[in-house]
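Residues per chain, in single letters:
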Amino acid sequence: MADDVTVPPGVAKARAALKDVPHEPGAPKQDPILVADSVVRRFGGLTAVSVDHIEIQRGAITALIGPNGAGKTTFFNLLTGFDRPDEGDWKFNGKPLAGVAAHKVAKQGMVRTFQLTKALSRLTVIDNMRLGGTGQKGESFWKALIPGIWKKQEQEITERADELLARFKLDAKREDFAGSLSGGQRKLLEMARALMVQPDMVMLDEPMAGVNPALTQSLLGHVKSLREDGMTVLFVEHDMDMVRDISDWVIVMGQGKVIAEGTPDTVMADPRVIDAYLGSHHDGTEHDAAEVAAEVPGADAPSSSSVDAAPSSAEGAKSEGGKTDE
Ligand SMILES: Nc1ncnc2c1ncn2[C@@H]1O[C@H](COP(=O)(O)OP(=O)(O)OP(=O)(O)O)[C@@H](O)[C@H]1O
């Protein structure tokens with residue numbers, strides 16, 4: 001490809017690592033940062049997650065997609081310690097992490113973004129950042145009791161927070177209440193806050209939800225820059241334009257299982273994937289053809305993020321209680 005000359009080093013490295021990986025569920029990776037086996041989560045009679053094997057390539061951006069109810073969020077919650085599996089094991093950086101509590105998972109270097117809760121909306125932007133910095137790698141309770149060390153650490157946390165606010169162009173909002181930010185700025189704050197713990201892997205939950213198309217490029221740029229900084233990114237997203245734009249690899253879930261894996265182009269043309277999305281609409285309710293086409297990755301959807309993003313935006317606004325950029 002002619003434009004390969006200008007491919008940034010992080011992209012080139014991720015592509016090279018994934019070049020020979022077979023496009024099939026559970027495919028082994030060259031250098032996986034996360035390996036999970038036989039992860040099952042049931043809610044009563046419903047098996048929400050039943051993942052036999054999954055590997056996430058270090059340094060790459062991997063998208064986790066699938067129709068509504070496929071089990072993506074539940075799987076995310078399990079991996080990050082916010083929910084417990086009925087069965088299953090996984091290792092992060094070679095260390096077992098199954099059943100480990102969320103704050104300890106973050107200390108190991110795997111962190112997820114969170115939508116701003118009402119309580120956090122009432123804090124200033126800088127206080128949100130400082131809060132994100134507590135529980136850093138190496139921080140101990142006993143050290144925190146010694147005033148000198150505590151003060152120094154607090155100063156370091158504030159310096160790091162200010163650096164990140166500048167990087168995410170939120171420095172002008174430093175003293176504003178987080179609740180006053182637009183949808184896109186909130187997403188930037190969520191990402192910046194996650195970086196306070198200097199993670200190896202960042203997990204983003206619908207980073208495009210509630211984001212005005214005008215801020216989309218800036219947000220995508222920030223996600224890509226994480227890869228250039230050597231971080232691994234795993235994200236759940238319904239916006240297929242974003243998935244196509246930034247993913248090195250795509251993992252598709254359907255009814256709790258991994259049903260396909262591969263590069264964005266191959267996955268989105270995979271009949272199993274298209275079937276899974278169409279199948280999710282075989283629920284007895286009537287759906288507009290354009291609505292189905294917009295959500296099915298390989299279908300001839302009117303290519304518009306706004307169509308894809310519409311349900312996510314509504315969800316984002318609903319769950320955050322905040323305003324979107326629109
Ligand atoms: N706490 C819970 N109690 C009971 N059922 C649950 C619970 N959480 C999730 N489920 C069910 O588990 C299944 C998987 O849900 P999950 O939210 O993980 O899917 P998803 O792929 O993230 O969907 P979406 O894209 O709509 O967010 C769904 O059928 C859902 O109703």
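So, how was this worked out
- Residues numbered from 1 in each chain as written.
- Predicted model: local features only at pLDDT ≥ 70, side-chain atom pairs only at ≥ 80, totals over all residues.
- Pairing = 2+ DSSP bridges.
- Helix = DSSP H or I, 4+ residues; strand = E, 2+ residues; numbered from the N terminus.
- Core = buried A, V, L, I, M, F, W, Y, C linked by C-beta atoms within 7 Å.
- Buried ≥ 20, exposed ≤ 12 C-beta atoms within 10 Å, placed from the backbone.
- Contact = placed C-beta atoms within 7 Å.
- Near = placed C-beta within 6 Å.
- Nonpolar A, V, L, I, M, F, W, Y, C, P; charged D, E, K, R; others polar.
- pLDDT = per-residue confidence, 0-100.
- Expected span 1.5 Å × (residues − 1).
- Axes fitted to C-alpha atoms, helices over the stretch in contact; angles between N-to-C directions.

1. Thoughts on the sheet that holds strand E4 (residues 87-92)
Overall, antiparallel pairing links the four strands, which are arranged E2-E1-E4-E5 in an open sheet. Each having just a single partner strand, strand E2 (46-57) and strand E5 (95-96) make up the two edges of the open sheet. Strand direction decides the pairing type here: strand E1 (residues 32-43) and E2, joined by 10 bridges, are antiparallel. Bridging from a neighbouring strand, Arg42 pairs with Thr47 of E2.

2. Quick word on the nonpolar core
Counting residues in each nonpolar core, the largest one holds 75 residues, and the members touching the most others are Ala192, Val202, Val233 and Val252. Val202 has contacts with Val111, Ala194, Leu226, Met231 and Val233, leaving out every residue within four places of it along the chain.

3. A short note on the pairing of strand E3 (residues 61-65)
Most of E3 is tucked away, with five of its five residues classed as buried. Neither face of E3 is left uncovered, since the one carrying Ile61, Ala63 and Ile65 and the one carrying Thr62 and Leu64 both have all their residues buried. Bridging between E3 and strand E8 (residues 232-236) involves four bridges; their strand directions are parallel. Within E8, the residue paired with Ile61 across the bridge is Val233. Across four bridges, the pairing between E3 and strand E9 (residues 249-254) is parallel. From the neighbouring strand, Thr62 faces E9, where its bridge partner is Trp249.

4. Overview of helix H2 (residues 72-79)
Counting buried residues along H2, six of its eight residues qualify, which places the element largely inside the surrounding structure. When we look at burial in H2, the residues that qualify are Lys72, Thr74, Phe75, Phe76, Leu78 and Leu79. Positive phi appears at Gly81, one or two residues downstream of H2, with a value of about 80°.

5. A look at the site of the ligand
Residues in close proximity to the ligand include Phe43, Leu46, Ala48, Gly66, Asn68, Gly69, Ala70, Gly71, Lys72, Thr73 and Thr74, which together make up its full environment. With three residues, H2 is the largest single contributor of residues to the shell around the ligand. Looking at the shell around the ligand, its residues break down into four nonpolar, six polar and one charged.

6. Brief notes about the confidence of the model for the protein
Considering every residue of the protein, the mean pLDDT works out to 83; 78% of them sit at 70 or more. Mean pLDDT per element in the protein: helix H14 (residues 305-320) is the minimum at 34, and E2 is the maximum at 98. Below a pLDDT of 50 lies the segment residues 282-289, which in the model reaches two contacts outside its immediate sequence neighbourhood of four places, other chains included. For the stretch residues 301-326, pLDDT sits under 50, and the model shows 62 contacts to residues farther than four places along the chain or on other chains.

7. Some remarks on helix H8 (residues 183-194)
Under the 1.5 Å per step criterion, the end-to-end length of H8 is 17 Å for 12 residues, consistent within 8% with the ideal 16 Å. Of all 12 residues in H8, 11 are buried, a share of seventy percent or more. When we look at burial in H8, the residues that qualify are Gly183, Gly184, Gln185, Arg186, Lys187, Leu188, Leu189, Glu190, Ala192, Arg193 and Ala194.

8. Quick word on the sheet that holds E9
Strands sit in the order E6-E7-E8-E3-E9-E10 across an open sheet of six strands; the sheet is mixed. Every other strand in the sheet has two partners, leaving strand E6 (110-112) and strand E10 (257-262) as the edge strands with one partner each. If you compare each strand with its neighbour and ignore which way they point, the axes differ by 20° on average. Across five bridges, the pairing between strand E7 (residues 201-205) and E8 is parallel. The partner of Val202 across the bridge, within E8, is Val233. Across the sheet, H2 is in contact with E3, E6, E7, E8 and E9; its angle to E8 comes to roughly 140°.

9. Observations regarding unusual backbone geometry
Of note in this structure, Ser38 is not a glycine but carries a positive phi near 45°. You can see Ser38 is positioned in strand E1. Positive phi values are uncommon outside glycine, yet Glu206 reaches one of about 45°. Residue position: Glu206 is located in the loop between E7 and helix H9 (213-228). Residue Glu206 is classed as buried on the basis of its 24 C-beta neighbours within 10 Å.

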